[in-house]
Structure formats: structure tokens, C-alpha cells
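# Remarks on the overall topology
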Amino acid sequence: EAGVTQSPTHLIKTRGQQATLRCSPISGHTSVYWYQQALGLGLQFLLWYDEGEERNRGNFPPRFSGRQFPNYSSELNVNALELEDSALYLCASTEGAPYNSPLHFGNGTRLTVT
Amino acid sequence: AQSVTQLGSHVSVSEGALVLLRCNYSSSVPPYLFWYVQYPNQGLQLLLKYTSAATLVKGINGFEAEFKKSETSFHLTKPSAHMSDAAEYFCAVSKAAGNKLTFGGGTRVLVKP
């Protein structure tokens, strides 16, 4: 089966611009999670989408937003980019709750803000 | 709220030596605990998980972890390190009815020949 795919693999933006990151989950998975992996800060939970709805979000400002489409793919949008938004953004999908079904991660999108 | 602490951001082991990665958790409810591995330029991959069955959990690639409630620990071990074990390892916790994983800061493992 195809794994979780993320695009683009690399994205370079300037401060103040907007970035859009995309994620396609494994076929049959309805939940998509977004994590930010910034240097020295570990993995920080951003957003959780399930069945097209935002179910939970982490401690990030509103300029981080996203959506999930009817085919369960997802998009993460970051507005008014700041230098500290530079990070690896990981998408993961699961077919159930994460305590019961493992998260399957994509290889990430590396966002660089200059 | 649950949290995870990984002791040591970097660990260096010789090939063939024991690998020991430490993880301590805090959780207001019985936790579900996980170890994930991240190889360079890749996403995370599940190594093993504890879900209140056996306290000693065996995972892939020869890794295992032991849940010790009295010590609130879930340390990861492998008896004999291989060069291919060089990666970053993350401990994570989820509440039984929770809907997200909370990750520790990660431990990067370097294997010396």
C-alpha cells in the first residue's frame, strides 16, 4: 500500500508570505495529524482532522490553520510567516485513535522562512 | 495533562553494545506508551507500544521496552547495537481516551564501529 505522502518536500518562503503544505493519508485512513518538528523543540502537535472536521489543535496561533477534504487528504496553511516557523512539518494518518492504531508518518515538508 | 521526558538528547554506543534509551512519563490516567524511530530525512516509524497488557513489550528490529509503573518509566533497550540503529528515537504517550500523541524531545543515537 502507498504510504502517507506529503508535498512539497521543500518549501522556501520569505517572512510575511503564506505557505500551503499538503498531505495524502494512507487509503482507508480517516484521521490526519499535523506535527511541527523545529530544531531543538522536538515534535509539537499542531492539528488533528477526522472525517473532515478539526477535532483538536495544539498551542499554536490562529495563523496556523488547515482543512481536510472529502477524500481525507489535508492541507496545512501558515499565514504571515515568521522566521521561527522554519521547521519540518510532519503529517501522519491513522485509521483509529492513536492509542490503539499506530500513526503512519510521511517524510515531511521542510519549510524554510528567510 | 500527560508529558514525556527523555533523558539524554544524544547517546553514543559502540556496535554490538547495549542500547538503553530512557523515557519517563507523567499522566493523570493509565497511559498508552510508544516508541517511534526517525531515520534521516524520513518520517517517524512505530517501534513498539504498551497498551496495558504485558509490561515487557517487544518491538521491531530487536528493540524492547519495559513499563514500570512504580518508576513511571518506559525505557527502550536493544542488547546489541547495529550500525543501522543510528537514528533519532522518540518516546510518546497518549491517554486511553485521548486523541493525540505527546512526544518527548527525542534521543539521537550514534553507533560507532
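Above this text you will find the structure in question.
Parameters at a glance
Residues numbered from 1 in each chain as written. Chains lettered and ligands numbered in written order. Predicted model: local features only at pLDDT ≥ 70, side-chain atom pairs only at ≥ 80, totals over all residues. Heavy atoms only, no water. Core = buried A, V, L, I, M, F, W, Y, C linked by side-chain atoms within 4.5 Å. Buried < 20%, exposed > 50% of the residue type's maximum accessible area, 1.4 Å probe, protein only. Helix = DSSP H or I, 4+ residues; strand = E, 2+ residues; numbered from the N terminus. Contact = heavy atoms within 4.5 Å. Buried area = accessible area lost by both parts, 1.4 Å probe. Salt bridge = Lys/Arg side-chain N within 4 Å of Asp/Glu carboxyl O. Polar contact = N/O pair within 3.5 Å; in protein donor to acceptor, adjacent residues only side chain to side chain.

### Here we look at the nonpolar core
Leu21, Trp35, Leu47, Leu48, Phe74, Leu76 and Tyr89 of chain B are the most contacted members of the largest nonpolar core, which totals 27 residues. Secondary-structure elements contributing two or more residues to this core are strand S2 (10-14), strand S3 (19-26), strand S4 (31-38), strand S5 (44-50), strand S7 (64-68), strand S8 (73-78), strand S9 (87-95) and strand S11 (107-112) of chain B. Not counting residues up to four positions away in its chain, the partners in contact with Leu47 of chain B are Trp35, Tyr36, Val37, Gly59, Ile60, Asn61, Phe63, Leu76 and Tyr89 of chain B. Counting residues in each nonpolar core, the second largest holds 22 residues, with Leu21, Leu47, Phe60 and Val78 of chain A among its members.

### Here's the deal with the interface of chain A and chain B
At the junction of the two partners, chain A supplies 20 residues and chain B supplies 23 residues. Buried area between chain A and chain B, summed over both chains or domains, comes out near 1600 Å², and the portion from carbon and sulfur atoms is 58%. On inspection of chain A and its partner chain B, the count reaches zero salt bridges. Summed over the shared surface of chain A and chain B, the number is five residue pairs in polar contact (both at pLDDT 80 or more). No other element matches the four residues that strand S5 (residues 42-50) of chain A contributes to the side of chain A that touches chain B.

### Points about the pattern of salt bridges
For the coordinates displayed, the defined rule picks out eight salt bridges over all chains. Here Arg55 of chain A ties to Asp50 of chain A by a salt bridge, and the two come within 4.0 Å at their closest N and O atoms. The class of Arg55 of chain A is partly exposed, set by a relative accessible area of 41%. A relative accessible area of 16% places Asp50 of chain A in the buried class. Ionic pairing is found between Arg108 of chain B and Glu88 of chain B, a salt bridge with its closest N-O pair at 2.9 Å. Taken as a pair, Arg108 of chain B in strand S11 and Glu88 of chain B in strand S9 lie far apart in primary sequence, 20 residues in all. The class of Arg108 of chain B is partly exposed, set by a relative accessible area of 42%.

Function-wise, these values are silent; they only describe arrangement.
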